[in-house]
Every structure is written in structure tokens, then in C-alpha cells.
Amino acid sequence: MSKETSYFKDHKRRLAKMSISTSAFRRQGKQGLIRFTQNYINENIDLHAFGKALRSGKYHNYLDKQTLLLVQAAKKYGCRWGTARKGLNIFFRDVLYNSYFIKELKLNLNHGWHLEIPLDSKTMSQIRRLHKSENLKSRGFATPQTTSIIALVPENSLKYQVAATAIAKAKYQKHTRVDLDMEFWTT
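Since the structure is predicted, the reported quantities are computational estimates derived from the model, not experimental observations.

Draft legend 1. A look at a nonpolar patch on the surface. Taken together, the side chains of Tyr97, Leu109 and Met182 present a nonpolar region at the surface, about 290 Å² in accessible area. Assignment of secondary structure puts leucine 109 in the loop between α7 (99–104) and α8 (121–133). For leucine 109, a relative accessible area of 53% translates into the label exposed.

Right, dumping it as C-alpha cells:
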């Protein structure tokens, strides 16, 4: 692993603060959760391990582990699994979209197929709507249950991610699953 430069660390800290925002974490836990999560990501997420997980095809295991670690660390702030997953997904998406980190971590935009779409009420609603309009149920894709981010559990999250992958491939051929967040929030 290469040594993290001062610029690398500063850039990571800035990206953590931008990714874990008030709007992304509104009503997701107790006061202090946003700042705690920003600091946790900055201090505990190893971006070189993230890049290695993406390149080796082991990203899902890496994300599961990081989600559980964040939930445990932020327990006193009322952080639930869905909130932690959303925050990490936003941060990792922003890392992938960042030209500095793409170069430093030896990534490319095709790695977006491994990343998850950050789930929130709008993206989940759009996925359910498109799941129905693209007739994904008839093609064997389970219908995700309506839920809140706070109540989101891994099994239902996976249904959303599988449906989002199918939607990205069927309807938005030039977008990866993670890119649907941008598509849904700009339409």
C-alpha cells in the first residue's frame, strides 16, 4: 500500500464531509450522528482496501463488513443498518466519481457495477415504480418491500440492488447501478 500523502488525507476528509450531509442523514439517528459518521469514515475507512476489494471482485463482502463496523461504532447515535449502508454507499460512490481517487486507487468507472445505489425514499420509490413498469417480477426479480431507510434490512436492500441492476441494464444501458441515483435525483 502506498503511503497516504497529506493531500490524500485532506481530500478524503473533505469528501467524507460532503458525502455525509444533513440532507442525506436527515432524521436518521440522534444528534451528532452526522459528524460522528464523517469522522469515522475519515479515520477508519481504508480507501486502498476499498480499491483492492473493487478490483478483486470482493467488494460486497468488504461493504458488508464496513456496514456492520459503522453500525457498532455509531450505536450510541442510534445508527441503524440502513443508515450506515446509505452513508457508505454515498461516500464510496463519490470516491469512484472523483478523478483524483480514480487515479490514486487505480479504479475506473466500470467499477460502478459493483457499487450499490444509495437507497433513500426517492430511489426506492423509483426502483419500485420501474420494477413494475419494466415487468421485472415476470422475469424472476423479487419485488422490494416498501420501507424506510431506518427500517431497511440486508435482505430487502439486496432486492432493491438486484432490481436496480436489472433496471440499469434494461433501461439505462450507459449507466451502472450506482449511476441510477444521479438519474433519479435529476429527473
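Draft legend 2. Main features of the nonpolar core. Leu47, Phe50, Phe91, Phe92 and Ile127 are the most contacted members of the largest nonpolar core, which has 54 residues in total. Every residue in contact with isoleucine 127, bar those within four places of it in the chain, is listed here: Ile117, Leu119, Pro144, Tyr160, Ala163, Ala164, Ile167 and Phe184.

Draft legend 3. View of the pattern of salt bridges. Considering all chains together, one arrives at 5 salt bridges under this definition. Close ionic contact of arginine 85 with aspartate 64 constitutes a salt bridge, the shortest N to O distance being 2.9 Å. Here arginine 85 is found in helix α6 (residues 81–96), whereas its partner aspartate 64 is found in helix α5 (residues 59–73), with 21 residues between them in sequence. Residue arginine 85 is classed as buried on the basis of its relative accessible area, which comes to 3%. Ionic pairing is found between arginine 93 and aspartate 94, a salt bridge with its closest N-O pair at 2.9 Å. For arginine 93, a relative accessible area of 12% translates into the label buried. Look at aspartate 94 and you get buried, because its relative accessible area is 16%. Residues joined by salt bridges that share partners form a network here, namely Asp64, Arg85 and Glu116.

Draft legend 4. Fine view of unusual backbone geometry. Positioned with a positive phi, arginine 27 is a non-glycine residue whose angle comes to about 60°. Mapped onto the fold, arginine 27 is located in the loop between α2 (22–25) and α3 (33–44). With a phi angle near 60°, lysine 106 is a residue other than glycine that sits in the positive phi range. Tracing the chain through its elements places lysine 106 in the loop between α7 and α8. For lysine 106, a relative accessible area of 65% gives the class exposed.

Draft legend 5. Looking closely at helix α9 (residues 154–171). Compared with the 26 Å implied by 1.5 Å per residue over 18 residues, the 25 Å span of α9 between its first and last C-alpha is a close match. All of the buried residues along α9 are Asn156, Ser157, Tyr160, Gln161, Ala163, Ala164, Thr165, Ala166, Ile167 and Ala168. Buried residues belonging to α9 abut α6, α8 and α10 (180–185).

Reading the values: the criteria
Think of each chain on its own: its residues are numbered from 1, step by step along the sequence as written. Confidence filtering applies because this is a predicted model: local features only for residues at pLDDT of at least 70, side-chain atom pairs given and counted only at 80 or more, and all residues used for totals across whole chains, interfaces and linings. Hydrogens are left out, water is left out, and the side-chain values use all remaining heavy atoms of the structure. Like-charged residues within 9 Å of one another, or nonpolar side chains (Val, Leu, Ile, Met, Phe, Trp, Tyr) within 5 Å, are grouped into patches, provided each residue has over 30% relative accessible area and no salt bridge. Per-residue accessibility takes into account occlusion by the displayed protein chains alone, with areas from the Shrake-Rupley method and a 1.4 Å probe. Note on definitions: salt bridges are taken to be side-chain nitrogens of Lys or Arg within 4 Å of carboxyl oxygens of Asp or Glu. Each helix is a run of H or I in the DSSP string that is no shorter than four residues. Each strand is a run of E no shorter than two, and both are numbered from the N terminus. Think of it in three bands: with a 1.4 Å probe and only protein chains considered, a residue is buried below 20% of the maximum accessible area for its type, exposed above 50%, and partly exposed in between. Nine residue types can take part in a nonpolar core, namely buried Ala, Val, Leu, Ile, Met, Phe, Trp, Tyr and Cys, and a core is a set of them joined through side-chain atoms within 4.5 Å. Residues count as neighbours in contact if any of their non-hydrogen atoms are within 4.5 Å of one another. One less than the residue count of a helix, multiplied by 1.5 Å, gives the span that helix is expected to have.

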